[in-house]
Amino acid sequence: MNSAESSSPAAKIESVIDCATSMLERDEAMRACLLALVSGESIFLLGKPGTAKSLLALWISSAIQNAKRFSCLLNQYTQPDELFGPLSIEKLGEGKREILSEGYLPDANVAFLDELFKAGPAILNSLLTILNERIFRNGNQEKKVPLCLLLGASNELPDEDAGLDALYDRFLIRVEVRPIQNAQAFKNLVSQSQKINISPTSLITFDEINSWKEKSEQIDFPDEISAYLFSLRLRTCQINVGQKLASC
């Protein structure tokens, strides 16, 4: 392999995946995480407990050089300060509302929200501005967040009447993570270390991420693909409408 090939996006991606020897039967999910990273989209991992959803989040954050990480296990009692940071008591004394967000979600490059749909609609829908515009409103100030990737994980989907349609819609990439199927892979799972090992030469830099994003925007989008996706969308809408009518 020459130097040009070894430095290509495809070669770097394969290198990052090949280093993850502890990620058994997780190639599809790993590639989906990398796709989300390059495309700037959020990813939702659906799977039973013990299917390595947290390990996938640790792997992708470890694969990015000097990435700031944030993770939070959500529940029905999760408060905004657990995600965004506590209020500054000093600023409150001055009549100002300021959140100390350093070390929390607005300060992270990679964020992992586990048991995503256990939290209430109010706190989850407060994520929309960060997911949509990469902006965090701190008091009367707007801060551009450095978030490159947000991973949400759950062993369940949101209820239709939970008021979370807008949030779920922001997770454009969705992957079902299944339990280990292969007998040899299961043997390796129970006998090997779950430590994430990423070679320093395989780490993805922020410059590479930005370069890949710029190159992806130059890819031609054929009319045939657009037409197929549009027809698929129409069929999906018709199926959803038919299901709702059948349940009435």
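Quick caveat: nothing in here was measured; it's all calculated off a predicted structure. Every residue gets a number counted from 1 within its own chain, in the order that chain's sequence is written. Only residues with pLDDT of at least 70 get local features here, since the model is predicted, and only at 80 or more are side-chain atom pairs given and counted; chain-wide, interface and lining totals rely on the full set of residues. Only hydrogens and water are set aside; all other atoms, that is, all heavy atoms of the structure, feed into the side-chain values.

Notes on a nonpolar patch on the surface
Short version of the rule: Exposure above 30% relative accessible area and the lack of any salt bridge qualify a residue for a patch; like charges then connect within 9 Å, and the nonpolar side chains Val, Leu, Ile, Met, Phe, Trp and Tyr within 5 Å. Only the protein chains shown count as cover for residues, with accessible areas throughout obtained via the Shrake-Rupley method and a probe of 1.4 Å. A pairing counts as a salt bridge when a side-chain nitrogen of Lys or Arg comes within 4 Å of a carboxyl oxygen of Asp or Glu. In DSSP terms, a helix is any run of H or I states spanning at least four residues, a strand is any run of E spanning at least two, and both are numbered starting from the N terminus.
A contiguous nonpolar patch, built from F221, I225, Y228, L229 and L232 and spanning about 480 Å² of accessible area, is present on the exposed surface. By the secondary structure assignment, L232 is in helix α12 (residues 223-247).

Quick word on the packing of helix α3 (residues 27-39) against helix α4 (residues 53-62)
Worth spelling out the cut-off: Lines are fitted to the C-alpha atoms to define the axes, a helix being fitted only along its stretch in contact, and any angle between axes, read from their N-to-C directions, falls within 0 to 180 degrees. Should an angle fall under 35 degrees it is called roughly parallel, over 145 degrees roughly antiparallel, and 65 to 115 degrees roughly perpendicular, with every other angle called oblique. In this scheme the crossing of two helices becomes right-handed for a clockwise turn of the near helix relative to the far one and left-handed for an anticlockwise turn of less than a right angle. Contacts between residues were defined by any pair of non-hydrogen atoms, one from each residue, lying within 4.5 Å. Residue polarity is assigned by list, with Asp, Glu, Lys and Arg as charged and Ala, Val, Leu, Ile, Met, Phe, Trp, Tyr, Cys and Pro as nonpolar; anything else, Gly included, falls into the polar class.
Two elements in contact, α3 and α4, have axes separated by 11 Å at closest approach and are oriented at 50°. Relative to α4, the element α3 lies oblique. In this structure, α3 crosses over α4, and the sense of that crossing is right-handed. Residue-level inspection shows A29, M30, C33, L34 and L37 of α3 in contact with α4, the latter providing L56, W59 and I60. Partitioned by chemical class, the residues of the contact of α3 with α4 number eight nonpolar, no polar and no charged.

Some thoughts on the packing of aromatic side chains
In plain terms, the rule: Aromatic rings from Phe, Tyr and Trp, with only the six-membered ring used for Trp, were paired whenever their centres fell within 6.5 Å, and each pair was classed as stacked if the ring planes differed by under 30 degrees, edge-to-face if by over 60, and tilted otherwise. Each ring is checked for a lysine NZ or an arginine CZ that lies within 6 Å of its centre and within 35 degrees of its normal; such an atom marks a charge sitting over the ring.
Under the criterion given, the structure shown has six aromatic pairs. Ring centres 5.9 Å apart and planes at 75° place the aromatic pair F117 and Y168 in the edge-to-face group. Here the residue F117 occupies a position in the loop between β3 (110-114) and α7 (121-125), and Y168 occupies one in helix α9 (residues 165-170), the gap between them amounting to 51 residues. Clustering of aromatic rings is evident, with ring pairs tying together F44, F117, Y168 and F171. If you follow R174 out to its NZ or CZ, it ends over the ring of Y168, 3.8 Å from the centre.

Description of unusual backbone geometry
Where we set the bar: Exposure categories follow from relative accessible area, calculated using a 1.4 Å probe and restricted to protein chains: below 20% of the type maximum is buried, above 50% is exposed, and the middle band is partly exposed.
Positioned with a positive phi, E115 is a non-glycine residue whose angle comes to about 50°. Phi is positive for R134, which is not a glycine, with a value near 55°. Residue position: R134 is located in the loop between α8 (128-133) and β4 (135-138). Classification of R134 by relative accessible area gives buried; the value is 12%.

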